[in-house]
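The chain contents come next:
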Amino acid sequence: DKVEITKEQQVLMQAILKAYERHQIPQDVAKRLYSAEENFLLLTEMATSQVQVLVEFTKNIPGFLSLDHEDQIALLKGSAVEAMFLRSAQVFNRKTPAGHTEVLEERIRKSGISEEFIKPMFNFYKSIGELLMSPEEQALLTAVTILTPDRPYVKDHAAVERLQEPMLEVLKKLCTLHHPHEPQYFARLLGRLTELRSLNHYHAEIITSWRVNDHKFTPLLCEIWDVQ
Ligand SMILES: CC(C)c1onc(-c2c(Cl)cccc2Cl)c1COc1ccc2c(ccn2Cc2cccc(C(=O)O)c2)c1
């Protein structure tokens, strides 16, 4: 005889179905695992906006605009990657709402960067995080990085040193004040600058491998990294 769904069975089934659909991963979260292409594009956008921020920051370093104009360009080009590693490290280690930094980490890991470079990059992020730098220390360390006299094509080393020295003096004092129980803290900070240099080298290879795979950069990045 005829099978009939009763009224209350209908209600029960609707309730179960509704609950079941609520437990699906919403499509956009599932989609969050973007393709390498999309990650590369997003990172390119981030890097481009960060270079603009970096140029503004550099112009506000006392004395920078009085340097020889070609030296200003040489310092920016020579330090851009290192300054952005410092900046991205700070964004990484900032205690943002869960899921935020993972997303950034996920995108970097899945952007076509080969595994051999991923390891040193994330070691660096970890070593910066362990320093627990104050905002002042972060700003000064970035300024010290930009004012590195021995960048390629810098003509007037002495003029750059004259700007970098007072920054190092203040940074040294801050380290003593903020980390009284760690006499080696300042030395550890400067040690990060050495690590940054090696990342610079890796980065040049990362850029080349992206270019080999026909990845496009923005005009600003092409200019600052001398590509295309
Ligand atoms: C061109 C692009 C693919 C690239 O090439 N090398 C690097 C590259 C990589 Cl993969 C690592 C380190 C340095 C460079 Cl240049 C990058 C990406 O550069 C970045 C990426 C993120 C960066 C920066 C600088 C700061 N952040 C953090 C940040 C900036 C803006 C918004 C957000 C956010 O979460 O909303 C986060 C640079």
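Our subject is the structure that appears above.
Residues numbered from 1 in each chain as written. Predicted model: local features only at pLDDT ≥ 70, side-chain atom pairs only at ≥ 80, totals over all residues. Heavy atoms only, no water.

Chemist: Mind showing me how you'd approach the overall build of the protein chain here?
Modeler: Looking only at helices and strands, the protein chain features 10 helices and 0 strands. Helices and strands appear in the protein chain in the N-to-C order α-α-α-α-α-α-α-α-α-α. Taking 228 residues into account, the globule formula puts the C-alpha radius of gyration at 17 Å, and the protein chain, at 24 Å, lies well above it. Expressed as a percentage of its 228 residues, the buried residues of the protein chain come to 40%. Sequence-distant contacts, at least 24 apart, represent 72% of the contacts inside the protein chain between residues at least 6 apart. (Helix = DSSP H or I, 4+ residues; strand = E, 2+ residues; numbered from the N terminus. Rg over C-alpha atoms; globule rule 2.2 N^0.38 Å. Buried < 20%, exposed > 50% of the residue type's maximum accessible area, 1.4 Å probe, protein only. Contact = heavy atoms within 4.5 Å.)

Chemist: Can you help me understand the nonpolar core in this one?
Modeler: If you look at the biggest cluster of nonpolar residues, it comprises 62 residues, and the most contacted ones within it are Ile108, Met121, Phe124, Tyr125, Phe217 and Trp225. Among the secondary structure elements, those contributing two or more residues to this core are helix H3 (36–59), helix H4 (69–93), helix H5 (100–109), helix H6 (115–131), helix H7 (135–146), helix H8 (157–178), helix H9 (185–212) and helix H10 (219–224). The leading source of residues in this core is H4, at 12 residues. The residues touching Phe217, leaving out its near neighbours within four places in the chain, are Phe40, Thr44, Ile207, Trp210, Arg211, Cys222, Trp225, Val227 and Gln228. (Core = buried A, V, L, I, M, F, W, Y, C linked by side-chain atoms within 4.5 Å.)

Chemist: In this structure, what is going on with unusual backbone geometry? I would like to understand it.
Modeler: Note on backbone geometry: most residues besides glycine have negative phi, and most peptide bonds are trans. Phi at Leu132 takes a positive value of approximately 50 degrees, unusual for a residue other than glycine. A positive phi angle, close to 50 degrees, is found at Asp226, a residue other than glycine. With respect to the element layout, Asp226 can be found in the segment after H10. By relative accessible area, which is 56% here, Asp226 ends up exposed.

Chemist: Explain the side chain of Thr44 here, please?
Modeler: Looking at the element boundaries, Thr44 is found in helix H3. A polar side-chain atom of Thr44 sits 2.8 Å from the main-chain carbonyl oxygen of Phe40. Setting aside residues up to four positions removed in sequence, Thr44 forms contacts with Lys216, Phe217, Thr218 and Leu221. (Polar contact = N/O pair within 3.5 Å; in protein donor to acceptor, adjacent residues only side chain to side chain.)

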